[in-house]
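Here is how the chains run, residue by residue.
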Amino acid sequence: MSPSRARTPAKGTVALALGGGGARGLAHIVALEVLDDLGVRPAAIVGTSMGAIVGAAYAAGVSGQDLRKHALDRLKDRAKAMALLLQARVGRITDIFSRGLGANPVLLDGEKVLDLFWPEAVPDLFSDLAIPFSAVATDYTARVQTVFDTGPLVTGVGASMAIPGLIRPVLAGGHVYVDGGVVNPLPFDLLAGQADIVVAVDVAGGAHAAETSQAPGAFEAMLGSAQIMQGAIVAEKLKATQPDILVRPAVGGFRALDFFRARQILQAAEASREGLKRDIAAAFEAVSAGRRKTT
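The shown structure was predicted, so the numbers you read here are calculated from the model rather than taken from an experiment.

(A) The arrangement of empty space enclosed by the protein in detail. Summed over the entire model, instances satisfying the criterion amount to 1 cavity of 30 Å³ or more. There is about 40 Å³ of room inside the largest cavity. Forming the walls of the largest cavity are Ala27, Val30, Ala31, Val34, Val201, Val247, Pro249, Ser272, Arg273 and Leu276. Among the elements of the structure, helix H1 (28-38) and helix H10 (273-288) are those that each provide at least two residues to the lining of the largest cavity.

(B) Expanded view of the environment of alanine 81. Considering the arrangement of structural elements, one finds alanine 81 in helix H4 (residues 78-87). For alanine 81 and phenylalanine 117, which are 36 residues apart along the polypeptide, the C-alpha to C-alpha distance reads 8.9 Å. Excluding anything up to four places from it in sequence, alanine 81 contacts Arg74, Phe117 and Phe260.

(C) Summary view of the nonpolar core. Trp118, Phe133, Leu153 and Val157 are the most contacted members of the largest nonpolar core, which has 72 residues in total. With 8 residues, helix H2 (residues 50-59) is the single largest residue contributor to this core. Core analysis: the second largest hydrophobic core is formed by 13 residues, Leu186, Leu191, Val198 and Leu238 among them.

(D) Structural context of the environment of methionine 222. Within the secondary structure layout, methionine 222 lies in helix H8 (residues 218-240). Judged by its relative accessible area of 36%, methionine 222 is partly exposed. On a C-alpha basis, the gap between methionine 222 and proline 164 in space is 9.4 Å, while along the polypeptide they are 58 residues apart. In contact with methionine 222, other than residues within four places in its own chain, are Pro164 and Gly165.

Cut-offs used in this document
Residues numbered from 1 in each chain as written. Predicted model: local features only at pLDDT ≥ 70, side-chain atom pairs only at ≥ 80, totals over all residues. Heavy atoms only, no water. 1 Å grid on protein atoms, 1.4 Å probe; cavity = no way out; pocket = protein on both sides within 12 Å on 5 of 7 lines; lining within 4 Å. Points joined across faces, edges and corners; volume = space filled by probe spheres on them. Helix = DSSP H or I, 4+ residues; strand = E, 2+ residues; numbered from the N terminus. Contact = heavy atoms within 4.5 Å. Core = buried A, V, L, I, M, F, W, Y, C linked by side-chain atoms within 4.5 Å. Buried < 20%, exposed > 50% of the residue type's maximum accessible area, 1.4 Å probe, protein only.

The following block contains the structure:
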């Protein structure tokens, strides 16, 4: 069942926040499948980085099950997936010689990545989505959060996923934008007042193995440190306010770029499925009984 055809139970409405976390964000798909199983169509979705990529596709009417199939199909052939990424490169190896060591020959154009990897059903504009959707990005110059909810979808989501050092910043309207996880890695606070129940899926947190005999490489350390920073931001946010339901799939052992371990990530996230179903059912009961105020 696609989310555009599902019906939200009369006893309550749900809004959904999907956080950033690189490849771990594939775990969002399990939460979306739960909503489909329950016949729940979110009143609104907001996403950061990988959460924006997955959330926008779901808001377009692609079901959780179809997203799972699409992700596994796109990532099953490493050589084919890498060939697509090469098409999205901003620079070339020869740029190092013509532009110096400051050039980055592996930097990706996020908007091209989306065009190559998103399901065909995803529209061009925010206004054409089946479910209201917003993407969180960081205004690099102003050093503030920016929420995209109008205009070209690839611009807003491309800005939200523009991880420094990996994906080129997005220039739009005279502003430069980078990854939304820098300021708001789990943007459930943006859903206040939009539904009876706010569900947030956090995939940035989680500890790695306590001991290791191998230090991470420079690139892995950069991305891993960013995820540690995002986890710290979320922890501080939760001290001040919390969503009605917080889901934390057990994907902490995966790295930011473990996209070719998609099947294992989805399998690890399965442990959160039944708990989320119970939590949503309990929240609906509380709304029906008048024990929960609108968020």
